[in-house]
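# Observations on the three-dimensional arrangement
Chain by chain, the residues:
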Amino acid sequence: MFRALYRASDGIVRTDLAEADVARAVNDDDGMLWLDLDAHEPEANRHLLLDVLGFHPLAVDDALEERNVPKVDDWDRYLYVGLQEAALRVEDDVPLQTHEVDIFVGRRFVVTHQHHPQGAVERVWLDCQRDERILQRGATVLLYRLMDELTDGYMRVVDDLDEVVDRLEDTVLDGQTRDVLPTIMRYKRALLQLRRIIAPQREVANRLARGDDDVLDESKLIYFRDVYDHYVRLSDISENLRDLVSSALDMHLSVINNRMNEVMKTLTVITVLFAPLTFISGFFGMNFFQASGLFDAWTARLAFVITLIILGLSPLGMVLWLRKRSWM
């Protein structure tokens, strides 16, 4: 149902807490508790959050339902912080995967709830197991570590997106237009989704850095300013990537238009070259004349030879005329 890291006032770190121990640990002003909940047991988590920890039902509903944008709610003795973790799966139809991470932060406790247990929370959990000084520094530092790890994940995402966009541009410039348009549109939607997450998450970091609540340690709020600066940079990079993807789309459409123009140019030249031939052969193929004495010359050998010469010279003349007009 849950796992726990509890550093008591005597410096001993315990991981074998029962439900009754959690109720005592969360009210220990000299200890530090980190409780991580398993999302696969929502009813047990609801009981723990409501009845044992005494959190507000609205905050609990926000934590248990994966549908929130990043935000901060102040509930007097604790904060509810809803964040999003991002990962890039290039082979998927939806390359940008996001998962909600819910955090309750008090003066001496942190409660996390992951809908998909992986990534940032796991890495920080292992760090706390290796180095108990992280817990010793309090809930504010632990919250910072979690947010900073989430930010590093976004940095990896934008780095991977940058490489993907470079490959898309090379593909477009090489003239490989097959299946490129769906790929461009897929990553354009991914970058739009990334912007929708980064903007409110940046405001969460800014809100925590201002210190508008009494829960966080005021001497450590500067850490959240560092996280905010990272999100500002991420926002700028994501906007640049969106511009690059839009440029790749424009280049792709230009390549297609240029290729279509070349095809139409070739077809037009062929049509123009054969237009005189069609006219001449059509004119002399009409059944207006009969082999009578008045028009014997039309069916004579000389007329046949002259017609062949005209048919041969007409395309050459059309080519010279088109080149003189700079049309080919």
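All figures in this text were calculated on a predicted structure; none of them were measured in a lab.

### So, the overall build of the protein chain
Within the protein chain, the regular secondary structure consists of 9 helices and 7 strands. Here the C-alpha radius of gyration of the protein chain, 36 Å, is well above what a compact globule of 328 residues would show, namely 20 Å. Split into buried and exposed, the 328 residues of the protein chain put 42% on the buried side. Expressed as a percentage of contacts within the protein chain between residues at least 6 apart in sequence, the contacts between residues at least 24 apart total 65%. Taken as a whole, the protein chain presents about 18000 Å² of accessible surface, with 53% of it coming from carbon and sulfur. When the 37 basic and 55 acidic side-chain charges of the protein chain are each reduced to a single mean position, those positions are 8 Å apart.

### Concerning the packing of helix α6 (residues 139–173) against helix α7 (residues 180–210)
Between α6 and α7, whose axes approach to 11 Å, the crossing angle comes to 155°. Looking at the two axes, α6 sits roughly antiparallel to α7. For α6 against α7, the interelement crossing comes out left-handed. In contact with L143, M147, Y154, V158, L161, V164, L168, T171 and V172 of α6, α7 contributes V180, T183, I184, Y187, L191, L194, I197, I198, Q201, V204, A205 and L208. When the residues that make up the contact of α6 with α7 are grouped by side-chain class, the tally is 18 nonpolar, 3 polar and no charged.

### Let's talk about the environment of L83
Considering the arrangement of structural elements, one finds L83 in strand β5 (residues 79–88). Setting aside residues up to four positions removed in sequence, L83 forms contacts with P70, H99, E100, V101, I103, M147, L150, Q201 and V204.

### So, the environment of E169
Along the polypeptide, E169 turns up in helix α6. Judged by relative accessible area, which is 19%, E169 ranks as buried. Considered as a pair, E169 and V111 are 58 residues apart in the sequence and their alpha carbons are 44 Å apart. With residues near it in sequence (within four places) discarded, E169 still touches L244, A248 and M251.

### Quick word on the packing of aromatic side chains
In this structure the tally under the stated criterion is 8 aromatic pairs. Each ring, one from F55 and one from F104, has its centre 4.4 Å from the other, and the planes form 15°; the classification is stacked. One end of the pair, F55, is in the loop between α2 (42–52) and α3 (57–64); the other, F104, is in strand β6 (residues 96–105), with 49 residues separating them in the sequence. The class of F55 is buried, set by a relative accessible area of 3%. Taken together, the ring pairs in this structure connect F55, Y78, Y80, F104 and F109 into an aromatic cluster. One residue, R3, lies across the ring of W125, its end atom 4.2 Å from the ring centre.

### Describing a negative patch on the surface
On the surface, a cluster of negative charge is contributed by D159, D160, D162, E163, D166, D170 and D174. Inspection of the secondary structure assignment puts E163 in helix α6. Taking relative accessible area as the criterion, E163 reaches 46% and is therefore assigned partly exposed.

### Comments concerning the sheet that holds strand β7 (residues 109–114)
Pairing in this open sheet of 7 strands is mixed, and the strands run β2-β1-β3-β7-β6-β5-β4 from one edge to the other. Of all strands in the sheet, those with a lone pairing partner are β2 (13–14) and β4 (71–74), marking the two edges. Here strand β1 (residues 2–7) pairs with β2 via 2 bridges, running antiparallel. Looking across to β2, one finds that R7 is bridged to V13. With respect to the sheet, α2 is in contact with β1, β3 (32–38), β6 and β7, its orientation differing from that of β3 by roughly 150°. Contacts between α6 and the sheet are confined to β3, β5, β6 and β7, with β5 contributing the most and set at about 25° to the helix.

Conventions we followed
- Residues numbered from 1 in each chain as written.
- Predicted model: local features only at pLDDT ≥ 70, side-chain atom pairs only at ≥ 80, totals over all residues.
- Heavy atoms only, no water.
- Helix = DSSP H or I, 4+ residues; strand = E, 2+ residues; numbered from the N terminus.
- Rg over C-alpha atoms; globule rule 2.2 N^0.38 Å.
- Buried < 20%, exposed > 50% of the residue type's maximum accessible area, 1.4 Å probe, protein only.
- Contact = heavy atoms within 4.5 Å.
- Areas by Shrake-Rupley, 256 points an atom, 1.4 Å probe, with all protein chains shown as cover.
- Lys, Arg positive; Asp, Glu negative; His and termini not counted.
- Charge placed at Lys NZ, Arg CZ, Asp CG, Glu CD.
- Axes fitted to C-alpha atoms, helices over the stretch in contact; angles between N-to-C directions.
- Parallel < 35°, antiparallel > 145°, perpendicular 65-115°, else oblique.
- Left-handed = near helix turned anticlockwise from the far one by under 90°.
- Nonpolar A, V, L, I, M, F, W, Y, C, P; charged D, E, K, R; others polar.
- Phe/Tyr/Trp six-rings, centres within 6.5 Å; stacked < 30°, edge-to-face > 60°.
- Lys NZ or Arg CZ within 6 Å of the ring centre and 35° of its normal.
- Patch = residues over 30% accessible without salt bridge, like charges linked within 9 Å, V, L, I, M, F, W, Y side chains within 5 Å.
- Salt bridge = Lys/Arg side-chain N within 4 Å of Asp/Glu carboxyl O.
- Pairing = 2+ DSSP bridges.

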